[in-house]
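Topology and contacts: notes
Residues per chain are reported as follows:
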Amino acid sequence: MTASDGPAWVRESLHPHYNQSFTVDELFYDSETAHQRLKVFRNGTFGRILTLDDVVQTTEGDNFIYHEMLTHVPILAHGAARRVCIVGGGDGGMAREVLRHAAVTHVTMVEIDAGVVDFSKQYLPTLSQGAFDDPRLDLVIADGADFMRSTDGGFDVIIVDSTDPVGPGEVLFTDTFYGHAKRALAPGGILVTQNGVPFMQGDELTNTMRAFRALFADATCYLATVPTYAGGPMAFGWGTDSAARDVPLDVLQARFAEAGLTPDYYTPEVHKASFALPGYVLKLMP
Ligand code: SAM
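An account of the accompanying structure is given in this report. (Residues numbered from 1 in each chain as written. Predicted model: local features only at pLDDT ≥ 70, side-chain atom pairs only at ≥ 80, totals over all residues. Heavy atoms only, no water.)

Bringing helix 1 (residues 63-78) into the picture now. A rise of 1.5 Å per residue sets the reference length of helix 1, with its 16 residues, at 22 Å; its end C-alpha atoms lie 23 Å apart and thus fit the reference within 8%. Of all the bends in helix 1, the greatest, near 25°, is centred on methionine 69. Judged by how many residues are buried, helix 1 sits mostly within the fold: 15 of 16 residues are covered. Looking one or two residues past helix 1, glycine 79 carries a phi angle of roughly 90°, positive in sign. (Helix = DSSP H or I, 4+ residues; strand = E, 2+ residues; numbered from the N terminus. Expected span 1.5 Å × (residues − 1). Bend = angle between axes of the 7 residues up to and from the residue. Buried < 20%, exposed > 50% of the residue type's maximum accessible area, 1.4 Å probe, protein only.)

Shown next as structure tokens:
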């Protein structure tokens, strides 16, 4: 390829019949870890981008939407979360947002690939923003499915921030894993999951909701649109035996004010509205 051909491109081919591409304006890293192909590069629109096996994991530009909605929604709905578990989340963005809650005393992060953590610290420091140095964080390098099978649990919130159900992430979308996660929740605990983009990956949501319906009194999903997770709103699985989803707006507003957060996407009103599902998503629910 000659310089006159213009920039290099990374093409994401996660979906059949649909791809998205990003210019590689500066390549920082491109190599195989023990589990997956890891790339970190800068793109003129989204800033630094982390891909695993050429699938966008997170970007500097739009990660705030995803990480704020998978943390503040369950933590503020719960109202007294002290112990949080993150499965996956190697880039550190999820830990960053959980640790903003001063009332959270302990975060266990179970990440299968130390390479993602190491390279995210070095090439994506704006994602973790020091989260890996927080004394409340306990980083466990392990398969999340193995961890969940053997943990003593006691978690108020479990957040599954995994890759899509291909490769190492596949085990995190199984009934067995969800059953172990349910057992690892403390009374009143909430399980939330990265559950794909329903317009493109409807089966993922249907399968997770079928498992959640068998496990939890309240099993549904909530939505937020993350530009680089192409295809419209992304679904976040929600499973709990509590009534946390019905927390009144004024209570949520008071908890939000007390937490002293200054997010760029989350608001208590957006929190409540995110559970309003459009027809095509409702039709995917079992
Ligand atoms: N926001 C991204 C998304 O929605 O696809 C996820 C980002 S995060 C980088 C995904 C993490 O899940 C990766 O670091 C990957 O190594 C980790 N992961 C995949 N399978 C796993 C497993 N079985 N146990 C623990 N971590 C896993």
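Let us now look at the packing of aromatic side chains. In this structure the tally under the stated criterion is 17 aromatic pairs. Taking the centre distance of 6.4 Å and the plane angle of 40° together, the rings of phenylalanine 147 and phenylalanine 155 count as tilted. Ring centres 5.4 Å apart and planes at 70° place the aromatic pair phenylalanine 212 and phenylalanine 216 in the edge-to-face group. For the pair shown, phenylalanine 212 and phenylalanine 216 are each scored as buried. Members of the aromatic cluster, connected to one another through ring pairs, are Tyr66, Tyr222, Tyr229, Phe236, Trp238 and Phe275. The ring of phenylalanine 28 carries arginine 48 above its face, with NZ or CZ at 3.8 Å from the centroid. (Phe/Tyr/Trp six-rings, centres within 6.5 Å; stacked < 30°, edge-to-face > 60°. Lys NZ or Arg CZ within 6 Å of the ring centre and 35° of its normal.)

A few words now on the layout of surface pockets. If a probe as big as a water molecule is rolled over the atoms, it shows which places are left empty. Taken as a whole, the largest pocket spans an internal volume of roughly 230 Å³. What lines the largest pocket is a set of 14 residues, and nearest its centre among them are Leu76, His101, Ala103, Arg255 and Ala259. Those elements giving two or more residues to the lining of the largest pocket turn out to be helix 1 and helix 8 (249-259). Classifying every residue of the lining of the largest pocket gives eight nonpolar, two polar and four charged. For the second largest pocket, the calculated volume is near 160 Å³. Surrounding the second largest pocket, 14 residues form its lining, Phe64, Glu68, Glu97, Arg100 and Asp264 being those nearest its centre. Elements with a contribution of two residues or more to the lining of the second largest pocket: helix 1 and helix 2 (93-98). Examining the composition of the lining of the second largest pocket, we find that four residues originate from one element, helix 1, more than from any other. (1 Å grid on protein atoms, 1.4 Å probe; cavity = no way out; pocket = protein on both sides within 12 Å on 5 of 7 lines; lining within 4 Å. Points joined across faces, edges and corners; volume = space filled by probe spheres on them. Nonpolar A, V, L, I, M, F, W, Y, C, P; charged D, E, K, R; others polar.)

So, on to the site of the ligand. The ligand sits among 26 residues. The nearest are Gln36, Gln57, Glu111, Gly144 and Tyr229. With respect to the ligand, the backbone of proline 168 contributes an N or O atom lying 2.9 Å from a nitrogen atom. Contact between the ligand and tyrosine 229: a nitrogen atom at 2.7 Å from a side-chain N or O atom of the residue. In this structure, the ligand is accommodated by the largest cavity. Split into classes, the residues belonging to the shell around the ligand amount to eleven nonpolar, ten polar and five charged. (Near = heavy atom within 4 Å. Polar contact = N/O pair within 3.5 Å; in protein donor to acceptor, adjacent residues only side chain to side chain. Sits in = over half its atoms within 2 Å of the grid points.)

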